[in-house]
Amino acid sequence: LARQEANGGQFPLNAAASYVTHKYAPGQLPNSALATVTGPANSTQVYREVAPHLQRLVDGAASAGHTLKFNSGYRTTEKQGELYNRLGPDTAAPPGTSEHELGYSVDLGYTDAGYKWLQENAHKYGFEPFAPGLGPDDHEAWHWTFRGIN
């Protein structure tokens, strides 16, 4: 994946995510650029172009017997700053550098079986894990980002 400078930080971006960074500053997406995705446990907001793919991912998991919970979706720069100040640099990205500020990433809650389903199926919906080879309890295993469908 290509890397692109965005607002002073590094974002791994595909062409669609690159469009978001050129149209809106990270963490400054207007409500009109966001959409709500509802799962069996709760809901979250993401960039409107990502929402249908995330909805299909959550619905696909539910059809397979797995409930995915949204722990986080789109974050404003202010919210990212609060998390960074509270959790520190080992857990949260500095404001202006988080993929959540683009509306392309979600943090998911899952069972071990649900995580296995994600590892085997998320790519079909355009989502990739934070890093390959993570186990369900590893740091950032909960972080999934939409990269698009080839």
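Each remark here, short or long, concerns the structure printed above.
Since we're looking at a predicted model, the values are computed, not measured.

K.L.:
Tell me about helix α2 (residues 51-63), residues and numbers included.
P.N.:
With 13 residues, α2 extends 18 Å between its outermost C-alpha atoms, agreeing within 8% with the 18 Å of an ideal straight helix rising 1.5 Å per residue. Those residues of α2 that fall on the buried side of the exposure criterion are A51, H53, L54, L57, V58, G60 and A61. Phi for G65, located one or two positions after α2, is positive at around 95 degrees.

K.L.:
Summarise the pairing of strand β8 (residues 143-146); cite the residues concerned and give the values.
P.N.:
Across the two faces of β8 the burial is the same, with H143 and T145 and W144 and F146 all buried. Taken together, the three bridges between strand β6 (residues 105-109) and β8 define a ladder with antiparallel strand orientation. Note that in β8 the partner of V106 across the bridge is W144. Bridge count between strand β7 (residues 127-129) and β8: three bridges; the pairing is antiparallel. Each residue of the ladder has a partner; that of F127, found in β8, is F146.

Reading the values: the criteria
Residues numbered from 1 in each chain as written. Predicted model: local features only at pLDDT ≥ 70, side-chain atom pairs only at ≥ 80, totals over all residues. Heavy atoms only, no water. Helix = DSSP H or I, 4+ residues; strand = E, 2+ residues; numbered from the N terminus. Expected span 1.5 Å × (residues − 1). Buried < 20%, exposed > 50% of the residue type's maximum accessible area, 1.4 Å probe, protein only. Pairing = 2+ DSSP bridges.

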